[in-house]
Every structure is written in structure tokens, then in C-alpha cells.
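# Chains, contacts and geometry: an overview
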Amino acid sequence: EAKENIPPGWPSDVFAEIESSDKAKQLLDSGKVDLWIDVPDGFTQELAAFDTVNLIAHVSDKHPASNKTRKQFKSLMESFATQVREERMGLADVPLSLFDPINLTFEGKEPEEAIADRRIIAPISGAILVLLAVLTMTGSFYPAIDAIAGEKERGTIETLLIVPCRTQDIVFGKFLAIFGVTLATLAANVISILLTILVSLRYFPDGSADYYLQNIGRGACITLISFIGLSSVASAMSLAVTTASKSVKEAQNTLTPVILLISALAGVALLPGISNDGFVPAVPFTGQIVVSQDALTPPPIEQPLITDDNQISSSWEMTKPIIELAPLLTTILSSIGVTWVLLRGTAAMLTDEDILFR
């Protein structure tokens, strides 16, 4: 009976201790406890005498207890009151069913309580992904500036070019160094955002957090793969732009408008009506965000399908993995193609003396 009164999200443990009034007030004002109850003398005797005892839960003005804490404590006291009531009815030989003449239960599909949260999760995840894309692009700036423009400013570009290897090899080596730093930046940003999301889930309505956590694994994998491709494009683009610059300062000034272009492309993914259909996943920065946003958005609850074998299966589970595969492959192939074109262009600029020594 007591378990039925416990609301969802009940904490794993509740700590309580008996202290003097002064010590209790001190603990309350310091924020070490949430509530303080001054239990009157003769509390047990009044309960045994079938009396009603009035209790006041004191909260601190400096550290007021949250509504969730108040509701949970009230539920705890109601559970205790139910137990006392049942003991009194047992002593009076009154059946427990006296105050429960009707027991109503519902049979059928449960209501979709978290639908409002799922409707807003798509734009929220899209905004986070746009921020992540811009931060990832920014992470490739400084290593790209030093890769070629720094060589020009230090006067070591001539020494680099007389090394007995192909220009494509030099460009590819520079790209790998920038790509590694960009991936490290991506990993740090992902960890930071993920920890923030996990902390934020505790403030979601009851049941919503569990639903999102069940569906975030596959979406996180798709997002990681998509953003590795985005990091590749960002590294190659930064390297190509800085190769055309004659100094570090000029490279910094040139990359500033590039970040605005990247922000615009990333922001296109937030426009209404943009989906991962057609060639949208092939657009750099836009495609990776659209694919990731669709993967991170929790699926709607569909009506179950009854197969010929009388087995119930979800229509989403049967079709969604196939639908997600095509956009993911498109954005991966697009990232590889754009990266290759940018690296080829960088190699061509590196062999052009008019651009290299202007």
C-alpha cells in the first residue's frame, strides 16, 4: 500500500535526523537540510488517541526548498498518515474497504504524456548542433593559419617545398595535423554539451528523461559520424583559405568572413521545412546538422503493427533504420568529396608561384 503512494522520480534515499530546535534552525539556515519539523510533545499519544496532530514544516528563507522537495515530503507524510489510518481502522474493527467502495482502473494505451517535450526537442537539438558546428570550425582556424601562412611569414615555405616529396603529400600531412586538432576540439565540445544535457534531463517531466535516454544512443552515433565528416570539411576549408594568404594576419582576416558563411550554412538547417530528403544531406555543414538533428529527435509513438504471425512490432522500428541510412551515407560521401576537392585546390595553390610568393 505504501509503494502505491510513492510518486515517480522519488529519490533513492531520504536522510533525517533528530536535533534540538537551535541546531535544526542552524542546519536549515546553512542549507544543509531542506525542511525542519518541530514535533510537539505527546505526538505518539495523540496519534494513539485518534486525535489529529498539526505539523508545520519550516523552510529556510535563504535556501527555500523546491516545489519538488515539498511535494515529495508531502507525499511521504501522506503515506505515513495512510498507515496510521489503517492501524486505527484495524483497532476499531473497521474493514479497509470502507473508504474505498469503488476501485477504478484504465485498460488500453497509456496517454502520450511527453509529446509536448518531443515537439520542442527538434529545434533545441538543432540549435545545439549549429553551435557545435561553429565551435568545430573555429577549432580548425589557428592550426590552419600556422600550417601554410605561418610557414610563409617565417620564411620556411621554400625549405618545405624542396623536400623530396609530392606537393599533395605536404598538403595531406598539413591536413592530418589540422584534422587531429579539430577532432580534439569536437570531442571536448561534445563531452561538455553531453554533460550539460545529462544534468538538464533531471528537470524534465517524469518519464520524459528515460524516454530520451533510450533513444539517444543511436542518434549520438549518427551525430558523431556526421560531425567527423564536418570536421574534415572544416579542416580542409581552413587550410585552403589560409594557403591563399601571405601572412598570419591576412589569414585571420580572411577566415573571419568564412565563419559567417559557415554560420549561415549551419543556420539553414533550422529553417522550417528543411528535412534530410533529397540532396540536403550533401550540402556542407547544413547536411550534417540536418542528419544529426533527425537522428537525435525522439521518434513519435506509432500504433503497433500486427504481423501475419500475430506478433506485435513497431512500424518505426521497421522503417526508421532504413530511412536513416541513405542520408547518413549521402553526407559521408559528400564530406569525403568536398574534402578531396579542397585538398586538390590547396595543392594547386601551393604550386602556383603567383599565389605563393605574391
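Residues numbered from 1 in each chain as written. Predicted model: local features only at pLDDT ≥ 70, side-chain atom pairs only at ≥ 80, totals over all residues. Heavy atoms only, no water.

### Comments concerning the packing of aromatic side chains
Worth spelling out the cut-off: Here is the rule: rings of Phe, Tyr and Trp (six-membered ring for Trp) pair when centre to centre is within 6.5 Å. Planes less than 30 degrees apart are stacked, more than 60 are edge-to-face, and the remainder are tilted. Put simply, DSSP marks the helices as runs of H or I at least four residues long and the strands as runs of E at least two long, and each gets a number from the N terminus on.
Tallying each qualifying case throughout the model produces 2 aromatic pairs. Judged by centre distance (6.2 Å) and plane angle (35°), the rings of phenylalanine 172 and phenylalanine 175 are tilted. One end of the pair, phenylalanine 172, and the other, phenylalanine 175, are both in helix 7 (residues 167–200), 3 residues apart, so they sit about a helical turn from each other. Ring centres 5.5 Å apart and planes at 5° place the aromatic pair phenylalanine 175 and phenylalanine 179 in the stacked group. Of this pair, phenylalanine 175 and phenylalanine 179 both sit in helix 7, 4 residues apart, roughly one helical turn.

### Brief notes about a nonpolar patch on the surface
Selection criterion: By definition, no residue in a patch forms a salt bridge, and every one has over 30% relative accessible area; like charges are joined within 9 Å, nonpolar side chains (Val, Leu, Ile, Met, Phe, Trp, Tyr) within 5 Å. A 1.4 Å probe and the Shrake-Rupley method give the accessible areas. Residues count as covered only by the protein chains that appear here. In the sections that follow, a salt bridge refers to a side-chain nitrogen of Lys or Arg positioned within 4 Å of a carboxyl oxygen of Asp or Glu.
A grouping of Ile191, Leu194, Leu195 and Leu198 is seen on the molecular surface, where their side chains present a nonpolar patch of about 370 Å² in accessible area. In this fold, leucine 194 is placed in helix 7.

### Here's the deal with the pattern of salt bridges
Rules: In this scheme, a residue with accessible area under 20% of its type's maximum is buried, one over 50% is exposed, and one in between is partly exposed, where area comes from a 1.4 Å probe on protein chains only.
On inspection of all chains with the given rule, the structure shows 3 salt bridges. Salt-bridge contacts for aspartate 146 lead to arginine 154; the nearest nitrogen and oxygen are separated by 2.9 Å. Among the residues examined, aspartate 146 registers a relative accessible area of 40% and is labelled partly exposed. Notably, a salt bridge pairs lysine 174 with glutamate 151, separated by 2.9 Å at the nearest N-O pair. With lysine 174 in helix 7 and glutamate 151 in helix 5 (residues 141–154), the pair connects residues that are 23 residues apart, well separated along the chain. Accessibility classification places lysine 174 together with glutamate 151 in one group, the buried group.

### Description of the nonpolar core
The condition that has to hold: Residues belong to one nonpolar core when they are buried, are Ala, Val, Leu, Ile, Met, Phe, Trp, Tyr or Cys, and are joined through side-chain atoms within 4.5 Å.
Counting residues in each nonpolar core, the largest one holds 27 residues, and the members touching the most others are Met137, Phe227, Met237, Val258, Phe285 and Ile289. Among the elements of the structure, helix 4 (115–139), helix 5, helix 7, helix 8 (208–243), helix 9 (248–268) and helix 10 (286–296) are those that each provide at least two residues to this core. Phe175, Phe179, Leu239 and Ala347 belong to the second largest nonpolar core, which has 15 residues in total.

### Focus on the confidence of the model for the protein
Worth spelling out the cut-off: For every residue, the predictor assigns a confidence score, pLDDT, that lies between 0 and 100. Only heavy atoms matter for contacts: two residues are in contact if any of them lie within 4.5 Å across the pair.
Across the protein, pLDDT averages 78, with 80% of residues at or above 70. No element of the protein has a lower mean pLDDT than strand 4 (residues 312–314), at 42, and none a higher one than helix 7, at 88. Predicted confidence is poor over residues 301–322, with pLDDT under 50, and the contacts of this stretch with residues over four places away or in other chains come to 23 contacts.

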